[in-house]
Amino acid sequence: MQHPDRRRFLELSAAGLGAAGLSGTLPSAAAAAAPASPFKPEPGASIQLLRWTGFVKNDDVIWAEHTKNFTAQTGVKVEIQELNWPDVTPKAALAAQVGSGPDIVMGWNDDPFIYPDKLLDMSDLAEYMGKTHGGFYDTARAYCYDPDVKRWVALPVGVTGNAVVYRQSWMHQAGFETFPKDFPGFLKLAQGLKKIDHPCGFSLGHAVGDANSWTHLVLWGFGGRQTNPDNSIAINSPETANALEYASELYESMIPGVSGWLDPSNNQAFLAGQCSMTMNGISIWYVAKDQFPAMAPDIYHALPPAGPSKQHSIMNNFTSAYIFKYSKYPQAAKEYLRYMLDEAQAAPWVTGMRGYVTLALKGYAELPIWTSDPKITPYRDSMEVTRFDGYSGRPGRAPAQALTEFVIVDMFADVAVNKMTTKDAMRKAESRLMTIYKHT
Amino acid sequence: MTGGSRLGSRFDSPRVLGYLLIAPAAILLLGLIAYPLIWGVWLSMTSATLGDTGAFVGLHNYAVILADPVFRGAAMFSVLYTVFAEAGKLALGLALALLLNQSFRGQRSARALMLLPWVAPTVLSALAWLWLLDPQFSAVSWLLVHLHVISRNLDFLGTPATARASLIVVNIWRGLPYFAIGYLAGLQSISKDLYEAAAIDGATGWQAFRRITWPLLAPITTILVAFSSIFTLTDFQLIWTITRGGPTDATQVFTTLAYQRAIVSGQLGEGAAIAISPIVFMIVLAFFVMRSVRER
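Residues numbered from 1 in each chain as written. Chains lettered and ligands numbered in written order. Predicted model: local features only at pLDDT ≥ 70, side-chain atom pairs only at ≥ 80, totals over all residues. Heavy atoms only, no water.

## Focus on the overall build of chain A
Phase 1: A count of helical and extended segments in chain A gives 21 helices and 11 strands.
Phase 2: Here chain A has a C-alpha radius of gyration of 22 Å; the compact-globule value for 440 residues is 22 Å, and the two agree.
Phase 3: Overall, the C-alpha framework of chain A stretches about 65 × 50 × 35 Å when taken along its three principal axes.
Phase 4: Expressed as a percentage of the 440 residues in chain A, the buried residues total 64%.
Phase 5: Of the contacts formed within chain A by residues at least 6 apart in sequence, a portion of 77% connects residues at least 24 apart.
Phase 6: Working note: accessible area of chain A is about 15600 Å², and carbon and sulfur atoms make up 53% of it. (Helix = DSSP H or I, 4+ residues; strand = E, 2+ residues; numbered from the N terminus. Rg over C-alpha atoms; globule rule 2.2 N^0.38 Å. Buried < 20%, exposed > 50% of the residue type's maximum accessible area, 1.4 Å probe, protein only. Contact = heavy atoms within 4.5 Å. Areas by Shrake-Rupley, 256 points an atom, 1.4 Å probe, with all protein chains shown as cover.)

Here it is, written out as structure tokens:
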């Protein structure tokens, strides 16, 4: 997939990232050619960053290393607080409420729309980054640009992309030479894997990332949607019914227990050799390469098949960085984010994580890491195929609440696990969504 | 008369001195209990969201949650969870106390070991239970499979009924020492003379338990049940760590739902209404407990 704006990005980067090799670092000439930053940290600035902990070790290590370099170059002290994924949103919300706490938060999905009034205008930084790095993907803009007040309320960072993770030898044993390209083929593969006693597993529990990713994929794949563009509820539809019936059939081929799975469960089951296929970030393969070297060569990744809607559309966890208005050092905070997402830092960060995060800036799709191993390539396009939660309505407090309450996941589990009729499950979800959208 | 001595004489007044002495405790109670409670009640009657103080909406939030099947399910499971867990803890705690009240070798070590579930950090023990109940890696399933009792792993947390039962078992395990130690103290305060007299009268062990032990343990039972019910009804850590309210909201309780709505979703008013609503159950519970004591 080539984009003219990606080419432009390469032209702007003096030497191009290809010259950087797999280390991802830029030659000094390129760094020197970068335009001077428009953000000047306040004297004596000291900032706090609240971010999620990575599922892959190098994420935190490289991020901390770059932060140290930033402090050495600018004198700005940066304190990093790390929390588990689901804990970042409530902690950031409390900071918004009490008006003190971290200056910068790297949060999830609709977070900036829960308290947009509390956030600093990020338009200058977002526009600067967009111009110098090939522009942002549409989903990034949807999550971070508030059309009501016509400003960026957060700086898009990227997604922890999901792809189908599978054991190739078992796929061959199940009678498939290549990974299926459509939903019926995917179902047949799941059934074949169960027949050879190597079932697949997709979470139907309250797993923030894993359960939402594949249920939304199936919903959107059949053309179902949570809301219409005017935020009216659209979940009760024949398309959703088809999606629920398909997921129910898929569930019959899964390993028992998926309805109780939390986020780490599929990683553990896969690495224990009990699950042949799941949907996940690159973390399973990443861990296997280091800790399960015998298994790693047999692990492959594929973009999930497109459904009848013929569109690849995945619910990936999107992360953005935003700065609270109460920050005493807004310029230092902006400069920190610019520095961390500039190619000299972002390239080695993504490379070190073996593509665990796919950045929201289109220019980074050209990083050598994406083509260094065909197993990593599917994750390159994660931003391209990401749809925002609550599609096709608008990001905001209501879809955020629907997501945190697992309305879509529970609708699928109601049919697949609890054997509720598709009509009843859709009505239940519709009723809940109406309440949420009415009261938020 | 100097000013100091005048002040001193006022302190000598039992009325003034009394108020002064209870003032620190009263300030603490007002600041740490009354203020947050009143603030919570006020919040539950507003449309406050995270970042917005909202407006007064009266009982609107209560009307919303009462019409919400997820809340009704959470209320139902909260009561179920409390009733079954308390019954289990009471029965097993009493049995354990009766055992530990006997003289045997290693009695002291046994009593110390019994306290472990109570003193271990809740989140750590919840994580250990999460592994024990895991659909793929459960040691319980592994043992039963290897003993040929079952042919495949049990799905403890995958269905509403089994997930609920599992959480009740974990809560019983954790709260058992509280009952056992309470009953043990109660048992040791019963005079041996009563049992000797009963033995002389030819009472059986069961009769001695029914006519002496159980009636004399009634006051401690009331206290244990009342306090433990409050802990159980407001339990959060065990459930959030093990199921996060799933599958399909089957294990939501007041606290997890209030946390999800107020903190994770930012609906402070609605979340506060959910958090405040168990007070109704607490009052009902306290009423029944107190009445049973009076009747006794």
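From this point on, the discussion continues.
## Notes on the pairing of strand β8 (residues 277-280) of chain A
Residues and elements named next belong to chain A.
Phase 1: Here β8 shows no split at all, with M277 and M279 on one side and T278 and N280 on the other all buried.
Phase 2: Note: strand β7 (residues 163-167) against β8, 4 bridges, orientation antiparallel. Following the sheet pairing, Y166 is matched in β8 by M277. (Pairing = 2+ DSSP bridges.)

## Observations concerning a nonpolar patch on the surface
Residues and elements named next belong to chain B.
Phase 1: Together, L113, L116, W118, V119, I223, F227, I230 and F231 line one region of the surface with nonpolar side chains, adding up to about 780 Å² of accessible area.
Phase 2: For the nonpolar patch, the secondary structure elements donating two or more residues are α6 (116-119) and α11 (205-233).
Phase 3: At 4 residues, α11 tops the list of elements feeding residues into the nonpolar patch. (Patch = residues over 30% accessible without salt bridge, like charges linked within 9 Å, V, L, I, M, F, W, Y side chains within 5 Å. Salt bridge = Lys/Arg side-chain N within 4 Å of Asp/Glu carboxyl O.)

## Some words on the packing of helix α4 (residues 69-100) of chain B against helix α9 (residues 160-188) of chain B
The geometry of a pair of packed helices is captured by two quantities: the angle between their axes and the separation between those axes.
Residue and element names in this part refer to chain B.
Phase 1: Relative orientation of the contacting elements α4 and α9 amounts to 40°, with a least axis distance of 6 Å. The angle between α4 and α9 places the two elements in the oblique class. Once α4 is placed against α9, the crossing between them reads as right-handed.
Phase 2: Grouping the amino acids of the contact of α4 with α9 by side-chain chemistry returns 22 nonpolar, 4 polar and 3 charged. (Axes fitted to C-alpha atoms, helices over the stretch in contact; angles between N-to-C directions. Parallel < 35°, antiparallel > 145°, perpendicular 65-115°, else oblique. Left-handed = near helix turned anticlockwise from the far one by under 90°. Nonpolar A, V, L, I, M, F, W, Y, C, P; charged D, E, K, R; others polar.)

## Re the sheet that holds strand β2 (residues 77-83) of chain A
All names here are of chain A.
Phase 1: Taken in spatial order, the 6 strands make up an open sheet running β2-β1-β3-β10-β6-β11, and their pairing is mixed. Single-partner strands in this sheet number two, and they are β2 and β11 (358-359).
Phase 2: The pairing of strand β6 (residues 155-160) with strand β10 (residues 317-323) spans 5 bridges and is antiparallel. Its bridge partner lying in β10, L155 is registered against A321.

## Focus: the pattern of salt bridges
Residue and element names in this part refer to chain B.
Phase 1: Counted according to the given criterion, the structure contains 17 salt bridges over all chains.
Phase 2: Here E86 ties to K89 by a salt bridge, and the two come within 3.1 Å at their closest N and O atoms. One end of the pair, E86, and the other, K89, are both in helix α4, 3 residues apart, so they sit about a helical turn from each other.

## Looking at the domain arrangement of chain A
Residue and element names in this part refer to chain A.
Phase 1: Partitioning chain A into domains gives domain 1 (13-160 + 317-373) and domain 2 (163-315 + 387-439).
Phase 2: Taken over C-alpha atoms, the centre of domain 1 sits 29 Å from the centre of domain 2.
Phase 3: The partner domain 2 presents 20 residues to the 22 residues of domain 1 that form the contact.
Phase 4: Summed over both sides, the interface between domain 1 and domain 2 buries roughly 1800 Å², with carbon and sulfur atoms accounting for 59% of that surface.
Phase 5: If you sort the residues of domain 1 by the area they bury against domain 2, F55, D110 and R354 come out on top, with a joint share of 33%.
Phase 6: Where domain 1 touches domain 2, the interface holds 5 residue pairs in polar contact (both at pLDDT 80 or more).
Phase 7: Ranked by the residues each element gives to the side of domain 1 that touches domain 2, the list is headed by helix α7 (residues 138-144), at 3 residues.
Phase 8: For the side of domain 1 that touches domain 2, the per-class residue count stands at 10 nonpolar, 6 polar and 6 charged. (Domains from an automatic or database assignment. Buried area = accessible area lost by both parts, 1.4 Å probe. Polar contact = N/O pair within 3.5 Å; in protein donor to acceptor, adjacent residues only side chain to side chain.)

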